[in-house]
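Results of the structural survey
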Amino acid sequence: EREEFDGSKVFQRQLVRFKLCPSDTCGSSCKGGGEYLTDMAQFVEAYYEAKMEAKEYACQQVEENCSCDDDANEDDDETCLAKCY
């Protein structure tokens, strides 16, 4: 079924409208960016996956830069890594 919304006919569906802007822009102007419309379930799934990948990457960076192998005073890696977080 269609319904009037902002002067246009749209299907009753959960949609998300979002903008992707270049990282060097901020505020309401989004020069050089794009505006997108997608299904909400797809958007939420992609957003959640991206957040989890970013978190995993950050954790890997902490572990790689923790230098637990260099510390002879630590009993185990878990104790050493816990201090890095």
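Everything below is about the structure shown above.
What you see is a predicted model; the values in this text were computed from it and never measured.

1. Some points on the overall build of the chain
When helices and strands are tallied, the chain shows two helices and four strands. Ordered by position from N to C terminus, the α and β elements of the chain give β-β-β-β-α-α. The proportion of buried residues among the 85 residues of the chain is 11%. If you take every contact in the chain between residues at least 6 apart in sequence, the share linking residues at least 24 apart comes to 17%. With an accessible surface of roughly 7700 Å², the chain has 49% of that area assigned to carbon and sulfur atoms.

2. Some details on the environment of Gly32
Relative to the helices and strands, Gly32 is located in the loop between β3 (15–20) and β4 (34–39). Judged by relative accessible area, which is 77%, Gly32 ranks as exposed. Between the C-alpha atom of Gly32 and that of Pro22, which follows or precedes it by 10 residues, the distance is 6.7 Å.

3. Remarks on helix α1 (residues 40–64)
Taking 1.5 Å per residue, 25 residues should reach 36 Å; α1 reaches 36 Å between its end C-alpha atoms and fits that length. For α1, the capping residue at the N-terminal end is Asp39, with a side-chain oxygen 3.1 Å from the backbone nitrogen of Ala41.

4. A look at a negative patch on the surface
Together, Glu45, Glu49, Glu53 and Glu56 line one region of the surface with negative charge. Inspection of the secondary structure puts Glu45 in helix α1. Residue Glu45 is classed as exposed on the basis of its relative accessible area of 56%.

5. Considerations on the pattern of salt bridges
Within this structure, the stated rule accounts for one salt bridge. Among the ionic pairs, Glu35 bridges to Arg17, the shortest N-O distance being 3.6 Å. With Glu35 in strand β4 and Arg17 in strand β3, this residue pair connects regions lying 18 residues apart in the sequence.

6. Considerations on the side chain of Asp39
Its location among the elements puts Asp39 in strand β4. One polar contact links the side chain of Asp39 to the main-chain amide nitrogen of Ala41, over a distance of 3.1 Å. If near-sequence neighbours (up to four positions away) are discounted, Asp39 is found in contact with Arg13, Gln14 and Leu15.

About the criteria used
Residues numbered from 1 in each chain as written. Predicted model: local features only at pLDDT ≥ 70, side-chain atom pairs only at ≥ 80, totals over all residues. Heavy atoms only, no water. Helix = DSSP H or I, 4+ residues; strand = E, 2+ residues; numbered from the N terminus. Buried < 20%, exposed > 50% of the residue type's maximum accessible area, 1.4 Å probe, protein only. Contact = heavy atoms within 4.5 Å. Areas by Shrake-Rupley, 256 points an atom, 1.4 Å probe, with all protein chains shown as cover. Expected span 1.5 Å × (residues − 1). Polar contact = N/O pair within 3.5 Å; in protein donor to acceptor, adjacent residues only side chain to side chain. Patch = residues over 30% accessible without salt bridge, like charges linked within 9 Å, V, L, I, M, F, W, Y side chains within 5 Å. Salt bridge = Lys/Arg side-chain N within 4 Å of Asp/Glu carboxyl O. Lys, Arg positive; Asp, Glu negative; His and termini not counted. Charge placed at Lys NZ, Arg CZ, Asp CG, Glu CD.

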